[in-house]
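Each chain is listed here by its residues.
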Amino acid sequence: MRRPTAAATVLVSLASLTLAWQLGSPPVLPTASVAPAAALRAPTAPPASTASGPPDQTGQAGHVGPVTTATTSAPAMSTAPAPRTVDGAAVLTPYGDVQVQVVLAGNQIVDVHPLHLTDANQHSRSLSAYAAPKLRLEVLAAQSATVDAVSGATYTSDGYTRSLQAALDAGGQ
Amino acid sequence: MSFPPSSAVGDRRDVIGGRGPTRPTASVASVSRARRRRADALEIAAVAVVVATAGFFLAHGGGHDLASGPAAGRLVALGRLTGLLGTALLLLQLLLAGRLPWVDRTYGHDRALVAHRHLSRVALPLLLAHAGAITVGYAAQDGLSPLVGWLVEPVRLLSGAVPDMLTAFAAMGLLVVVAVTSVAAARRRLSREAWHVVHLTGYAAVALSVPHQLSAGSDIAGHPVTRLFWLALYIATAGAVLVFRFLLPLVRSLRHTLTVEEVVHEAPGVVSLHLRGRALHRLPVRAGQFLQWRFLTPGLWAAAHPWSISAAPDGQHLRITVRDLGDHSRRLLNVRPGTRVVIEGPYGAFTAERRTRRRVLLIAAGIGITPIRALAEELLADSDTPPGDISVLYRGAQMETMVFRCELERMSTDAGLRLLMLTGPSGRGSWLPLQHAAWGRDDDAAALHHLVPGLRDHDVYVCGPAAWMDLVESALRAAGVPAAQIHDERFTA
């Protein structure tokens, strides 16, 4: 490849990859100046009542275990909040436990990590591997656990939002 | 200047008085520029495929999965990325070896295959890393230690609810077999035919890997744009391979119905096969190119062999000239007129299209004279070529065994070819006969300047044994010939 073409190709490639990384990355950490407008609005409705949840989910409550809070204490709202992690409850589903960990900065949801996802078989594992990143992006955009279920992965979605809600309830106090 | 009488034959009119530097004609230069533009376009397309693969992965949050979260999840993300990149490179490998006309005319068949081999050294490790990282990552998510998980997880994957895992495992196994049989040590022990049959199963390996990627691949399932990208890549690759690797050779073999017309003994152990076919003016073959020839006769039909045409095509006949190099080429000496011939090709970029200057020096050794002889004929046929612009430097052991001696001498007297036939033993580290090396004070570069006045202003085509070509090309570069003016084709595959 001729040198100018090679240089241009490398530049365009790097720019594209950076853009792709930005697209797939969580929103930037909030600073103190950001008004807590996007504060957590802990929903009272059970996640099973979301539009795409199957009707049989309503009766099947699923055992919600104890909530564990991370060691970092909730910081005062006036200073720049240090991010803290809160583990959600492990939610039982027919296809295995679902548990997530939320990273909070003040009242802002900074990130969600899955600690355990449905794994009863290979299919549910690949489904949850596909659903979890979508749910994470939805949660980060909505700044709440009230998000649409990923079609085809209703149990995973349900467990994910329940575990997340439990974590938010525990961490948002 | 005096040439030893035994080694130089032919017209040397322009040796006396030399010439000033010649400029390439406009058309010659623009063809060469077009080739470089084509190379740039192909390379940009290849880079774009790899960048798009990584870009889609990152855009779906893959970078985040890779950089944060629990170790097991990061391992799985690594497995996803290596699998995607490995597959993209594998498809590029198929395209490089798929006899695509654009690739062939731009890089030449030989260099495309070298790139194919280089890519395999990246693609295969990536795919092995993919299998390993996904297996250990899933095992860790199941709470198994890597040591146990490595053994247990494949069983769970295969017996799980995803049937596509079976084909994926088979694909990986096939690819490993293809790679192992292509390692130099294994190639020496395998016949070319056996290796080729094994190598063709690489197509099956790629096909078997498609289902698990589309169904289980979390980066593709549910992402319509990514899915479209991969489907397009697969369809384009499969289509190109099908058309150029299989259909086009079939159509050409059926259309031209080549048959052996005459077998001529040229020298001890060397025969020329004259072939006749229908509508050969429609076969886009040029001097310097080669085809894969398959003779439909007992003992020969199973293997196709690459041989250059040894005469410029005239639209009705083709000629190849073959030296007995053992196994199949020996049986060729006994091929009878009337034998049907199946072809693949023409392939190769060792043609006058590479030319950047008006003056051309063609250097050949041994049976390497075949494409050189055809090139000389085509270049001399151009009525714009002044006498003496085309030189042939032909290195052989002794005059009597040098093929095409009479034909070249006729080109010299009739068409103004500068013909230098050099014979006799070489000195150490030299490719020239001892008496020539002596004038260059043991320096091949100086001797070349002596033999070919205005050397730097020539395009130089080199064809011969690989070690000999290395010596010739280092002498040419030492003599100041720019690399862009040195053309060769190397057959090692």
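Since this is a predicted model, take the numbers as computed values, not measurements.

**Q** Help me understand the overall build of chain B, please; the structure alone is not making it clear to me.
**A** Scanning chain B from terminus to terminus reveals 16 helices and 11 strands. Every one of the 493 residues in chain B was classed for burial, and the buried ones make up 41%. Long-range contacts, defined as pairs at least 24 residues apart, comprise 70% of the intrachain contacts of chain B with a sequence gap of at least 6.

**Q** Whenever I open this one, the domain arrangement of chain B confuses me. Can you help?
**A** The domain architecture assigned to chain B consists of domain 1 (13-24 + 356-488), domain 2 (35-252) and domain 3 (257-347). Residue composition of the side of domain 2 of chain B that touches domain 3 of chain B, by class: 1 nonpolar, 1 polar and 4 charged.

**Q** Please clarify how the pairing of strand 9 (residues 418-423) of chain B should be interpreted in this entry.
**A** All names here are of chain B. Counting buried residues along strand 9, 5 of its 6 residues qualify, which places the element largely inside the surrounding structure. Here strand 8 (residues 390-396) runs beside strand 9; their pairing, made up of 6 bridges, is parallel. By the bridge assignment, Gly 396 is partnered in strand 9 with Thr 423. Each parallel crossover has a hand, and for strand 8 linked through helix 13 (residues 405-415) to strand 9 it is right-handed.

**Q** It is not clear to me how the sheet that holds strand 9 of chain B should be interpreted in this structure. Could you clarify?
**A** In any sheet, the strands associate via hydrogen bonds between backbone groups, in a parallel or an antiparallel arrangement. All names here are of chain B. Pairing is parallel across the open sheet formed by 5 strands, whose spatial order is 9-8-7-10-11. For this open sheet the edge positions go to strand 9 and strand 11 (486-488), each flanked by a neighbour on one side alone. Taken over all neighbouring pairs, the strand axes of this sheet differ in orientation by 15 degrees on average, direction set aside. Bridging between strand 10 (residues 458-463) and strand 11 involves 3 bridges; their strand directions are parallel. Bridge pairing in strand 11 places Tyr 461 opposite His 487.

**Q** How do you make sense of unusual backbone geometry when you look at a structure like this?
**A** If a residue is not glycine, its phi is most likely negative; likewise, a peptide bond is most likely trans. Residue and element names in this part refer to chain B. Residue Pro 346 is bonded to the preceding Gly 345 through a cis peptide linkage, with omega at 0 degrees. Mapped onto the elements, Pro 346 comes out in strand 6 (residues 340-347). One non-glycine residue, Arg 99, lies in positive phi territory at about 55 degrees. With respect to the secondary-structure elements, Arg 99 resides in the loop between helix 3 (71-96) and helix 4 (101-107). For Ala 279, which is not glycine, the phi dihedral falls at a positive 50 degrees. When you line up the elements, Ala 279 lands in the loop between strand 2 (270-276) and strand 3 (290-295). Overall, Ala 279 belongs to the exposed group, with 11 C-beta atoms counted inside 10 Å.

**Q** Just to check I follow, could you spell out helix 10 (residues 224-256) of chain B for this structure?
**A** Since the α-helix advances by 3.6 residues per turn, residues separated by three or four positions end up pointing in the same direction. All names here are of chain B. A rise of 1.5 Å per residue sets the reference length of helix 10, with its 33 residues, at 48 Å; its end C-alpha atoms lie 45 Å apart and thus fit the reference within 8%. Buried within helix 10 are the following residues: Thr 226, Trp 230, Val 241, Arg 252 and His 256. Thr 257 occupies a position one or two residues after helix 10 and carries a positive phi of about 35 degrees.

**Q** What should I look at first to understand the sheet that holds strand 1 (residues 258-267) of chain B in this one?
**A** All names here are of chain B. With antiparallel pairing, the 6 strands of this open sheet are ordered in space as 4-3-6-1-2-5. Across the chains shown, the open sheet's two edge strands, defined by having one partner strand only, are strand 4 (305-308) and strand 5 (317-323). Pairs of neighbouring strands in the sheet enclose a mean axial angle of 40 degrees, with direction left out of account. Examined bridge by bridge, strand 3 and strand 4 share 4 bridges and lie antiparallel to one another. By the bridge assignment for strand 4, Trp 293 is matched with His 305.

Cut-offs and rules
- Residues numbered from 1 in each chain as written.
- Chains lettered and ligands numbered in written order.
- Predicted model: local features only at pLDDT ≥ 70, side-chain atom pairs only at ≥ 80, totals over all residues.
- Helix = DSSP H or I, 4+ residues; strand = E, 2+ residues; numbered from the N terminus.
- Buried ≥ 20, exposed ≤ 12 C-beta atoms within 10 Å, placed from the backbone.
- Contact = placed C-beta atoms within 7 Å.
- Domains from an automatic or database assignment.
- Nonpolar A, V, L, I, M, F, W, Y, C, P; charged D, E, K, R; others polar.
- Pairing = 2+ DSSP bridges.
- Right-handed = clockwise from strand over helix to strand, strands pointing away.
- Axes fitted to C-alpha atoms, helices over the stretch in contact; angles between N-to-C directions.
- Expected span 1.5 Å × (residues − 1).

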